[in-house]
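Here is what each chain is made of, one letter per residue.
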Amino acid sequence: MKIRRQKHAKKTLSFYKHNFGLRQPFQVLLDGTFCQAALRGQIQIKEQLPKYLLGEVTLCTTGCVLKELQSLGKELYGAKLIAQRFQARHCAHFKSPVGGSACLLSMIAEGNPHHYFIATQDQELAEKVKKKPGVPLLFIIQNTMVLDKPSPKSLAFVQSVQANQLVPVHQHKSIEILKEQQGIAKDSGRRGHKRKRISGPNPLSCLKKKKKGPTPPKPAATSPAGKKKRTRKRSKSKGSPMPAQLTTPP
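The rules behind the values
- Residues numbered from 1 in each chain as written.
- Predicted model: local features only at pLDDT ≥ 70, side-chain atom pairs only at ≥ 80, totals over all residues.
- Heavy atoms only, no water.
- Buried < 20%, exposed > 50% of the residue type's maximum accessible area, 1.4 Å probe, protein only.
- Helix = DSSP H or I, 4+ residues; strand = E, 2+ residues; numbered from the N terminus.
- Pairing = 2+ DSSP bridges.
- Expected span 1.5 Å × (residues − 1).
- Arc of directions from axis to C-beta.
- Contact = heavy atoms within 4.5 Å.
- Polar contact = N/O pair within 3.5 Å; in protein donor to acceptor, adjacent residues only side chain to side chain.
- Core = buried A, V, L, I, M, F, W, Y, C linked by side-chain atoms within 4.5 Å.
- Phe/Tyr/Trp six-rings, centres within 6.5 Å; stacked < 30°, edge-to-face > 60°.
- Salt bridge = Lys/Arg side-chain N within 4 Å of Asp/Glu carboxyl O.
- Axes fitted to C-alpha atoms, helices over the stretch in contact; angles between N-to-C directions.
- Parallel < 35°, antiparallel > 145°, perpendicular 65-115°, else oblique.
- Left-handed = near helix turned anticlockwise from the far one by under 90°.
- Nonpolar A, V, L, I, M, F, W, Y, C, P; charged D, E, K, R; others polar.

Draft legend 1. Spatial organisation of the pairing of strand β1 (residues 26-30). Counting buried positions along β1 yields five of five residues, so the element is predominantly enclosed. Of the pairings in the sheet, the one linking β1 to strand β4 (residues 116-119) comprises four bridges and is parallel in character. From the neighbouring strand, Gln27 faces β4, where its bridge partner is Tyr116.

Put into structure tokens, the structure is as follows:
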């Protein structure tokens, strides 16, 4: 059960770290109800909370919370002693103190710039804290400290931020025009088509053309040198008889 709780806390802390910039040491604002519940459950907040959150923790409260515990008398005297051990953060109610719940809500106003955790057992205060995005909430259940999961308000805030980081639809056309002007437009009709780049003229086509003169006559075909055409002549010999003439009878 303890391992499961730590995995849940680690996952929740990772959400707040990446989306709201929470860093160590984690600053935890405690009210009187949380200190009273820790006293009844014999929970050592200073020792157990850093182990649960897997990091360095700064425990703090406000002057309004201390004055509220003091005004409630002996019933919350032990809770007041616990709260007095923590750092007292300055609030805007020095001259006119307010209730502990109202004071803690004022400390996380305007987007929780100091990245405070709120530790309380007050259900009404917890519901108001959940309506503010980026504020982790701690409470005690069955003598065990529990980090509440991100509220719907925090989840919706993160989704809206991620949506605003995308390029709006009406800007896609202007982006495509800029791409075409820079020569990096893509052919959307064919997948895998290479980028079209504006290139200059072919340097080979810029060469000067040579003027063509009259073509010289082709030389006549001659026989190879040193070879003469042999002609066969019929020689007449002296002793050769002449062919007899045929006569026809009268």
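Draft legend 2. Just the pairing of strand β2 (residues 57-62), in detail. Burial within β2 is extensive, with six of its six residues counted as buried. Residues Val57, Leu59 and Thr61 point to one face of β2 and Thr58, Cys60 and Thr62 to the other, with burial holding for every one of them. Of the strand pairs in this sheet, β1 and β2 are connected by four bridges, and their pairing is parallel. From the neighbouring strand, Val28 faces β2, where its bridge partner is Leu59.

Draft legend 3. Looking closely at helix α1 (residues 2-20). With 19 residues, α1 extends 26 Å from end C-alpha to end C-alpha; this agrees with the ideal 27 Å at 1.5 Å per step. Among the residues making up α1, those that are buried are Ala9, Thr12, Leu13, Phe15, Tyr16 and Phe20. Seen from one end, α1 has its buried residues packed into an arc of 150°, which puts them on one side. Facing away from the buried side of α1, by more than 90 degrees, are the exposed residues Ile3, Arg4, Lys7, Lys10, Lys11 and His18. Those residues of α1 hidden inside the fold are in contact with β1, α3 (45-53), β4, β6 (144-147) and α8 (152-164). The positive-phi residue at the C-terminal boundary of α1 is Gly21, with phi of around 75°.

Draft legend 4. Focus on the side chain of Thr12. Within the secondary structure, Thr12 sits in helix α1. From its side chain, Thr12 meets the backbone oxygen of His8 in a polar contact 2.9 Å long. Apart from residues no more than four positions distant in its own chain, Thr12 is found in contact with Leu147, Asp148, Lys149 and Pro150.

Draft legend 5. Focus on the nonpolar core. Grouped together as the largest cluster of nonpolar side chains are 48 residues, with contacts concentrated most on Val28, Leu30, Ile45, Leu49, Leu53 and Phe117. With five residues, the top contributor of residues to this core is α1. In this structure Ile45 touches Leu30, Phe34, Ala38, Pro50, Leu59, Ile82 and Phe86, once residues within four positions along its chain are discounted.

Draft legend 6. Quick peek at the packing of aromatic side chains. Inspection of every chain in the model, using the stated rule, returns five aromatic pairs. For the ring pair Phe15 and Tyr16, a centre distance of 5.3 Å and an interplane angle of 80° mean the geometry is edge-to-face. Given a relative accessible area of 16%, Phe15 falls into the buried group. Three or more aromatic residues joined by ring pairs make a cluster, and in this case those are Phe15, Tyr16, Phe20 and Phe157.

Draft legend 7. Inspection of the pattern of salt bridges at higher detail. A complete count under the given rule lists two salt bridges for this structure. The shortest N-O distance in the salt bridge between Lys128 and Glu124 comes to 3.8 Å. Separated by four residues within a single helix, Lys128 and Glu124 lie in helix α7 (residues 123-130), roughly one turn from each other. A relative accessible area of 55% places Glu124 in the exposed class.

Draft legend 8. Region of the structure containing the side chain of His93. Note that His93 resides in the loop between β3 (87-89) and α6 (100-107). With sequence-adjacent residues up to four places away left out, His93 is seen in contact with Cys64, Val98, Cys103 and Ser106.

Draft legend 9. Molecular detail of the packing of α1 against α8. Interaxial distance between α1 and α8 falls to 11 Å at its minimum, and their mutual angle equals 40°. Viewed along their axes, α1 and α8 adopt a mutual orientation that is oblique. Crossing hand, α1 versus α8: left-handed. For the pair α1 and α8, contact is made by Phe15, Tyr16, Asn19 and Phe20 and by Ser154, Leu155, Phe157, Val158 and Gln162, respectively. Across the contact of α1 with α8, the residue classes break down as six nonpolar, three polar and no charged.

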